[in-house]
There are 2 protein chains.
Amino acid sequence: MKLTEKTIVAALRRNGYKATPQRRAVIRAIANSIDHLTPADIYDRIHLDHPGIGLVTVYRTLEVLATLNLVCELHTGTNCPSYTLSIPQHHHHLVCSDCGKVVDFTGHNLTELEERLARESGFRINNHILEFTGCCRTCQEMPGTASAAR
Amino acid sequence: MKLTEKTIVAALRRNGYKATPQRRAVIRAIANSIDHLTPADIYDRIHLDHPGIGLVTVYRTLEVLATLNLVCELHTGTNCPSYTLSIPQHHHHLVCSDCGKVVDFTGHNLTELEERLARESGFRINNHILEFTGCCRTCQEMPGTASAAR
DNA sequence: ACTGTAATTGATAATCATTTTCATTTAGTG
DNA sequence: CACTAAATGAAAATGATTATCAATTACAGT
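No experiment lies behind these values; they were computed from the predicted model shown. Along every chain, residues carry numbers that run from 1 in the direction the sequence is written. Note on labels: chains are lettered from A, ligands numbered from 1, in written order. Local features in a predicted model are, by the rule used here, given only for residues with pLDDT of at least 70; side-chain atom pairs are given and counted only at 80 or more, and totals for whole chains, interfaces and linings are based on all residues. In computing side-chain properties, one takes all heavy atoms of the structure into account and sets aside hydrogens as well as water.

Student: Describe the protein's contact with DNA strand C, with residues and values.
Tutor: As a matter of local geometry, DNA strand C sits amid 22 residues, with A:Arg13, A:Tyr59, B:Thr20, B:Thr57 and B:Arg60 nearest to it. One of the side-chain N or O atoms of B:Arg23 is found 2.8 Å from a phosphate oxygen in DNA strand C. Between a phosphate oxygen of DNA strand C and a main-chain N or O atom of B:Gly52, the distance comes to 3.2 Å. Elements supplying a minimum of two residues to the surface near DNA strand C: α4 (55–67) of chain A together with α2 (21–31) and α4 (55–67) of chain B. Throughout, near means a residue has at least one heavy atom within 4 Å of the molecule or strand. Any N or O atom pair separated by 3.5 Å or less is treated as a polar contact, with the protein-specific requirement of one donor-capable and one acceptor-capable atom, and with residues adjacent in sequence counted only for side-chain atom pairs. Secondary structure counts use DSSP, requiring at least four H or I residues in a row for a helix and at least two E residues in a row for a strand, with both numbered from the N terminus.

What follows is the structure, encoded as structure tokens:
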């Protein structure tokens with residue numbers, strides 16, 4: 001399924017959340033960006049068109065979207081997470097710890113593992129994180145950086 | 001390989017880091033705990049025996065240990081990461097988002113995927129995170145919580 | 001064992017991210 | 001159109017992490 005603003009708004013309503021203009025703006029900001037955005041990134045982009053929307057609202061909206069698994073959260077080495085919509089399909093991440101570049105990848109299915117774990121542990125599993133960290137080609141060729149020194 | 005204080009100290013030296021009493025204390029605190037510890041947790045435990053060691057030093061030590069892949073970092077839903085030694089072998093995590101309980105699991109090998117990704121992306125990959133989040137059996141049976149309400 | 005030096009530390013303050021509080025506003029039901 | 005619970009904005013509080021810098025210390029080399 002493709003997650004458009006419309007789909008997401010429907011998902012909010014279905015779960016008893018209101019579709020406010022503020023939430024729509026946050027959703028649109030994420031949907032229109034190729035990159036993963038931090039809360040502050042989203043705030044900055046929204047703020048141009050909607051000076052009234054505060055950073056707090058961005059945080060609150062992201063919390064709701066994350067609860068409904070509508071956004072995918074990226075835990076880079078940096079000190080705050082960033083977000084994209086869970087589109088066009090479930091994907092995982094490869095992050096350069098030098099420059100922060102993020103490459104999405106698909107094709108690794110964790111369903112079977114998830115089922116095994118649920119069976120063995122008794123957990124009801126509802127999400128997962130799979131991220132590889134390393135050094136991208138560009139940074140490898142750049143001398144003098146922390147990771148090139150290894 | 002089993003990571004004892006001795007092994008870790010050797011790894012530090014081998015990489016040009018000094019084995020200070022402060023660092024040893026941090027290592028021992030992590031090694032002696034079954035649980036994953038946050039920087040503040042570690043600080044608290046150390047502080048009893050070594051009142052002189054500051055939280056800042058804990059952060060700095062963890063940074064070094066993480067760089068050398070001697071500790072494994074856990075990104076729970078909470079607002080700060082926690083750490084264990086990378087022993088007895090590489091493992092992954094299953095986290096209850098209600099009570100924070102962490103279950104380690106092994107037996108899922110990502111080497112093949114890692115190699116494929118390295119080949120396709122040009123990254124030199126040096127680490128990864130694999131975490132499942134959900135609701136543990138105890139919390140599922142507890143009525144009135146956020147996740148039981150679903 | 002002694003010395004020199006670069007690495008490390010501790011204290012403090014600064015910064016950055018996130019959460020709380022609460023009075024006001026508003027989406028969406030009926 | 002009115003009502004009500006949910007959502008918002010502003011400001012302050014909290015919590016985590018990082019920067020700065022002078023003082024200390026591990027350890028390599030004598």
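Anyway, onward from the coordinates.
Student: How would you sum up the environment of A:Pro81? Please name residues and give values.
Tutor: Residue and element names in this part refer to chain A. As for its position among the elements, Pro 81 is in the loop between β1 (71–74) and β2 (82–85). Along the chain, Pro 81 and Ile 125 lie 44 residues apart, while their C-alpha atoms are 21 Å from each other. Whether two residues touch is decided by their heavy atoms; if any such pair falls within 4.5 Å, the residues are in contact. Those residues in contact with Pro 81 that sit more than four places away from it in its chain are Thr 38, Pro 39, Glu 73 and Leu 74.

Student: Describe the interface of chain A and chain B, listing the residues and the values that go with them.
Tutor: Often the size quoted for an interface is simply the accessible area lost on bringing the parts together. Contacts between the two partners involve 36 residues from chain A, matched on the other side by 36 residues from chain B. Values labelled buried area give the accessible surface lost by two parts on being combined, using a 1.4 Å probe and summing over both. Taking both partners together, chain A and chain B bury about 3,300 Å²; carbon and sulfur atoms supply 60% of that area. Contact with chain B buries area across many residues of chain A, yet A:Phe123, A:Arg124 and A:Phe132 alone supply 21% of it, more than any other trio. Salt bridges are defined as contacts in which a side-chain nitrogen from Lys or Arg sits within 4 Å of a carboxyl oxygen from Asp or Glu. Inspection of the region where chain A meets chain B yields 0 salt bridges. For the pair chain A and chain B, the interface holds 12 residue pairs in polar contact (both at pLDDT 80 or more). Put simply, the parts of the chain that give the side of chain A that touches chain B at least two residues each are β3 (92–96), β4 (102–105), α5 (111–121), β5 (124–135) and α6 (137–141) of chain A.

Student: Any chance you could break down the state of the cysteines for me, citing the residues and the numbers?
Tutor: Residues and elements named next belong to chain A. Only a pair of cysteine sulfur atoms within 2.5 Å qualifies as a disulfide here. Tallying each qualifying case throughout the model produces 0 disulfides over all chains. Take Cys 80: it sits in no disulfide, and the sulfur closest to it among the cysteines is that of Cys 72, at 14 Å. Summary of the burial criterion: residues with accessible area below 20% of their type's maximum are buried, those above 50% are exposed, and those between are partly exposed, where the area comes from a 1.4 Å probe applied to protein chains only. Since its relative accessible area comes to 31%, Cys 80 is described here as partly exposed.

Student: Report on the relation of the copies chain A and chain B, specifying residues and quantitative values.
Tutor: Expressed as a screw transformation, the operator carrying chain A onto chain B has a rotation angle of 180 degrees and an axial translation of 0.0 Å, and the superposed copies differ by an RMSD of 0.0 Å. Accordingly, the operation relating the two chain copies is best matched by a two-fold axis. It is A:Leu130 whose C-alpha, among those of chain A, lies nearest the rotation axis, at 2.3 Å. The share of interface residues of chain A whose copies in chain B are also at the interface is 100%, consistent with both copies meeting through the same surface. Least-squares fitting of one copy onto the other uses the C-alpha atoms of those residues that reach a pLDDT of at least 70 in both copies.

Student: Now, about the confidence of the model for chain A: what can you tell me, with residues and values included?
Tutor: Averaged over every residue, the pLDDT of chain A is 88; the share at 70 or more is 92%. Note: pLDDT gives the predictor's confidence per residue, expressed from 0 to 100. Confidence drops under pLDDT 50 across residues 144–150 of chain A; counting only partners more than four residues distant or on other chains, this segment forms 8 contacts.

Student: I'd like a description of the domain arrangement of chain A, backed by residues and values.
Tutor: Residues and elements named next belong to chain A. Residue ranges for the domains originate in an automatic or database domain assignment. Partitioning chain A into structural domains gives domain 1 (1–88) and domain 2 (89–150). Here the C-alpha centroids of domain 1 and domain 2 sit 22 Å apart. Across the contact, 12 residues belong to domain 1 and 10 residues belong to domain 2. Each partner contributes to the roughly 820 Å² buried at the junction of domain 1 and domain 2, and carbon and sulfur atoms together form 55% of this total. In this structure, the connection of domain 1 to domain 2 is made through 0 salt bridges. Between domain 1 and domain 2 we count 4 residue pairs in polar contact (both at pLDDT 80 or more) in total. Those elements that place two or more of their residues in the side of domain 1 that touches domain 2 are β1 and β2. Considering only residue class, the side of domain 1 that touches domain 2 consists of 5 nonpolar, 6 polar and 1 charged. Residue type decides the class: Asp, Glu, Lys and Arg count as charged, Ala, Val, Leu, Ile, Met, Phe, Trp, Tyr, Cys and Pro as nonpolar, and the leftover types, Gly among them, as polar.

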